[in-house]
Amino acid sequence: RQLAEYTPQVEAALGLEFGETSDTYKRLVEDEQKIDQFFYINDPRIDPTLATVMARVKDPKDAVYVRDEILKTFAAMRDKKLDAARVEAAKSNARYSFLARLDNTDTIAETVADTWDWLQREGTLQQPEGRPRSGMDAAAEQRLWDAAGR
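Residues numbered from 1 in each chain as written. Predicted model: local features only at pLDDT ≥ 70, side-chain atom pairs only at ≥ 80, totals over all residues. Heavy atoms only, no water.

## Here's the deal with the overall build of the protein chain
Thought 1: If you tally the helices and strands in the protein chain, you get six helices and two strands.
Thought 2: Along the protein chain, helices (α) and strands (β) appear in the sequence α-α-β-β-α-α-α-α when read from the amino end.
Thought 3: Burial analysis of the protein chain (150 residues in total) assigns 21% to the buried set.
Thought 4: For the protein chain, the exposed surface amounts to about 10500 Å²; the carbon and sulfur share of it is 53%. (Helix = DSSP H or I, 4+ residues; strand = E, 2+ residues; numbered from the N terminus. Buried < 20%, exposed > 50% of the residue type's maximum accessible area, 1.4 Å probe, protein only. Areas by Shrake-Rupley, 256 points an atom, 1.4 Å probe, with all protein chains shown as cover.)

## Description of the packing of helix 2 (residues 23–31) against helix 3 (residues 63–79)
Thought 1: Following both chains from N to C, one finds helix 2 and helix 3 inclined at 170°, their axes separated by 11 Å at the closest point. When the interaxial angle is binned, helix 2 and helix 3 end up roughly antiparallel. On helix 3, the residues that touch Thr24, Arg27 and Leu28 of helix 2 are Tyr65, Val66, Glu69 and Thr73.
Thought 2: Considered class by class, the residues forming the contact of helix 2 with helix 3 number three nonpolar, two polar and two charged. (Axes fitted to C-alpha atoms, helices over the stretch in contact; angles between N-to-C directions. Parallel < 35°, antiparallel > 145°, perpendicular 65-115°, else oblique. Contact = heavy atoms within 4.5 Å. Nonpolar A, V, L, I, M, F, W, Y, C, P; charged D, E, K, R; others polar.)

## Quick look at helix 3
Thought 1: For helix 3, which comprises 17 residues, the first-to-last C-alpha distance of 25 Å matches the rise-based estimate of 24 Å (1.5 Å per residue) to within 8%.
Thought 2: Within the span of helix 3, buried status applies to Val66, Glu69, Ile70, Thr73 and Met77. For helix 3, the arc enclosing every buried residue in end-on projection is 95°, short of the 170-degree limit, so these residues lie on one face. Opposite the buried face of helix 3, at more than 90 degrees from it, the exposed residues are Lys72 and Asp79. (Expected span 1.5 Å × (residues − 1). Arc of directions from axis to C-beta.)

## Considering the packing of aromatic side chains
Within a pair of aromatic rings, the relevant descriptors are the distance that separates the centres and the angle that separates the planes.
Thought 1: Under the counting rule described, the total for this entry stands at three aromatic pairs.
Thought 2: When the centroid spacing of 6.1 Å and the interplanar angle of 40° are considered together, the rings of tyrosine 25 and phenylalanine 38 count as tilted. Here tyrosine 25, found in helix 2, pairs with phenylalanine 38, found in strand 1 (residues 35–41); they are 13 residues apart in sequence, far enough to count as distant. As far as burial versus exposure is concerned, tyrosine 25 and phenylalanine 38 are alike and both buried.
Thought 3: Positioned above the aromatic ring of tyrosine 65, the side-chain terminus of lysine 34 is 5.5 Å from the ring centre. (Phe/Tyr/Trp six-rings, centres within 6.5 Å; stacked < 30°, edge-to-face > 60°. Lys NZ or Arg CZ within 6 Å of the ring centre and 35° of its normal.)

## Some details on a negative patch on the surface
Thought 1: On the surface, Glu20, Glu30, Asp31 and Glu32 cluster together to form a negatively charged patch.
Thought 2: Tracing the backbone through its elements, the reader meets aspartate 31 in helix 2. (Patch = residues over 30% accessible without salt bridge, like charges linked within 9 Å, V, L, I, M, F, W, Y side chains within 5 Å. Salt bridge = Lys/Arg side-chain N within 4 Å of Asp/Glu carboxyl O. Lys, Arg positive; Asp, Glu negative; His and termini not counted. Charge placed at Lys NZ, Arg CZ, Asp CG, Glu CD.)

Structure representation (structure tokens):
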């Protein structure tokens, strides 16, 4: 399988494990109140292999603890199968929240402009057969998956 084929699964997994309804979010933001901002970035238009989790720690002495909790969550994601009901709920939310954002001309214009920019990038429309959008060749992609323990 091409790496680009995994992008929706990666996005769903990140949303479920680091989004506002995740156990990690609830624990670090709501229960323990160690951080006041917590979000993830995964833009497959730029690099489908790069996922970033950002947390703003309230007290610097908690930074190592928060980092370790985030890394534990990533480690657990390798071995844990996602709950199908939660995945379907996340997909539905993503679909309808995107549509709900298109409620004014500025947002619509920005969305169209971003999409047009992405479509005009070299190689986006006619990707060579057997090569993921990230620009990695098949051997590099396989090494990446091998390193991830898959």
